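Close look at the chain arrangement
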Amino acid sequence: MSRVFVRQATYESRVLRPMIFEMMEAMGGAEIHKNSRVLIKPNLLSPATPQQAILTHPAVIRFVVEYVLEKGAQPLIADSPAIGSFETILRRNGILDALRGCDCECRPFQNSVGVDVGEPFGAIDIAEEAVRADVIVNLAKLKTHSQMLLTLAVKNLFGCIIGYRKPEWHMRAGVDRQMFARLLVQIGRTLKPSFNLLDGILALEGDGPGRGGIPRQVGLLVAGRDPFAVDLAVCRMLGLDQEKVPLLKAAAENNGPLPEPEIDGTLPAIRDFRLPCLTPLIYGPRFLHAFVRRQLLRRPVCDGGLCRLCGECWKICPAGAITPEDKPLWFDYNRCIRCYCCIEICPFGALRTAETLAGRIVRRAAAMILPSGPVG
Ligand code: SF4
Ligand code: SF4
């Protein structure tokens, strides 16, 4: 059984600082000592303000840095943003201001090294800073995710795959949600961060993890040594069957049932957290997969009124399915693998998923036959 600490919190320093110090200590702070190489891995997806609830809040980062510095260790804050310059993200999210006066390096991941994460993936390129760190402090955000339902502690580690290698993996694994979930599980088990802190004070519900989501005050900080236990605790809080959370399902299939987290604190029951609409990414016999994907799966669509033709979506699209011409953007749905990377990174919230006509007919028919059909 793995202990998970749950605390009611706000971003005010008088509340947050002692709470983070207490949680870090309880998670095994003695492991951090003079000269330890400590990687602090926040969620720095794209430029956003703290009020948008897309990134780990700067106050959480600041107090973790203070804790690590007090231990005499050398912190490095790093991530590999999907969009925008690292500098812009630090400025927009207020991290630069929050870290003023702290002796702390803060930069994007620079190099990758091949690490064997196990079959079927074998060796994959992971940020060297994460692989070589003595200690990883995983600072995730509580958000919904249009492909994986939720992005919590384990999914945050996917940021240790550098830049444009991420969509490559979406291309190789993302057409099969469970295969992608398995990749995330194996990255999580390989990196094994011993400090996992989930910023759920201002969370993101709806069509996360980017600007399509809606900030929601949840007022919680959740922490634990095991990122899977942290994710499972959140799943319990939201009243979700873990079989319907692709990552937790993959984790259980991979290594047997996850042990129930031992909650230190009070885990509230939040039953009205708005989740994204997930449809199966792939189902039916293999020879039908291409047809199913084209005809039945929700497809990305563009709101021409919001799109500014910034180009981020077509740069990241692993399938080359977006034509950079005029608004609204044109998608080649025969090529599109439904990875939803474009929706995740659009800085203007101009992309969303839309149901196809055939998909709607099949869903309604399935609902009549199977009233509680699968989510993922
Ligand atoms: S849809 Fe979004 S990411 Fe794509 S060009 Fe328009 S504004 Fe940029
Ligand atoms: S168009 Fe969007 S959903 Fe389709 S493959 Fe490209 S990035 Fe993925």
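The following paragraphs examine the structure supplied in this document. (Residues numbered from 1 in each chain as written. Chains lettered and ligands numbered in written order. Predicted model: local features only at pLDDT ≥ 70, side-chain atom pairs only at ≥ 80, totals over all residues.)

Judged by which residues are buried, strand S15 (residues 351–354) turns out to be one-sided: Leu351 and Thr353 face inward and are buried, whereas Arg352 and Ala354, on the alternate face, are not. One ladder, built from four bridges, connects strand S12 (residues 299–302) with S15; its direction is antiparallel. Across the sheet, Pro300 pairs through a bridge with Thr353, a residue of S15. (Buried ≥ 20, exposed ≤ 12 C-beta atoms within 10 Å, placed from the backbone. Helix = DSSP H or I, 4+ residues; strand = E, 2+ residues; numbered from the N terminus. Pairing = 2+ DSSP bridges.)

Further remarks concern the site of ligand 2. In the vicinity of ligand 2 lie 14 residues, with Cys317, Ala319, Cys336, Cys339 and Cys342 positioned nearest. For the shell around ligand 2, a count of residues per class yields 13 nonpolar, no polar and one charged. (Near = placed C-beta within 6 Å. Nonpolar A, V, L, I, M, F, W, Y, C, P; charged D, E, K, R; others polar.)

Okay, the site of ligand 1 next. By nearness alone, 13 residues border ligand 1, and Cys307, Cys310, Cys313, Cys346 and Ala350 come closest of all. Partitioned by chemical class, the residues of the shell around ligand 1 number 10 nonpolar, one polar and two charged.

As a further point, take the pairing of strand S9 (residues 195–206). For S9, the tally of buried residues reaches 10 of 12 residues, placing the bulk of the element in the interior. Pairing of strand S7 (residues 135–145) with S9 involves six bridges; the strand directions are parallel. By the bridge assignment for S9, Val137 is matched with Phe195. Where S9 folds back on strand S10 (residues 213–224), the antiparallel hairpin that results is connected by six residues.

Because an α-helix completes one turn every 3.6 residues, residues spaced three or four positions apart along the sequence face the same direction. Those residues of helix H10 (residues 246–255) that fall on the buried side of the exposure criterion are Pro246, Leu247, Leu248, Ala250 and Ala251. Buried residues along H10 sit in contact with strand S8 (149–151), helix H6 (153–156), helix H8 (177–191) and helix H9 (227–237). Positioned one or two residues after H10, Gly256 has a phi angle of 85°, which is positive. (Contact = placed C-beta atoms within 7 Å.)

With that settled, the discussion passes to the nonpolar core. Grouped together as the largest cluster of nonpolar side chains are 110 residues, with contacts concentrated most on Val64, Leu198, Val222, Val230, Val234, Leu247 and Cys342. Counting the residues that make up this core, at least three belong to each of domain 1 (3–265) and domain 2 (286–369). (Core = buried A, V, L, I, M, F, W, Y, C linked by C-beta atoms within 7 Å. Domains from an automatic or database assignment.)

The next thing to look at is the environment of Arg62. Locating Arg62 in the fold gives a position in helix H2 (residues 58–70). Apart from the residues lying within four places of it in its own chain, the contact partners of Arg62 are Ala98 and Leu99.

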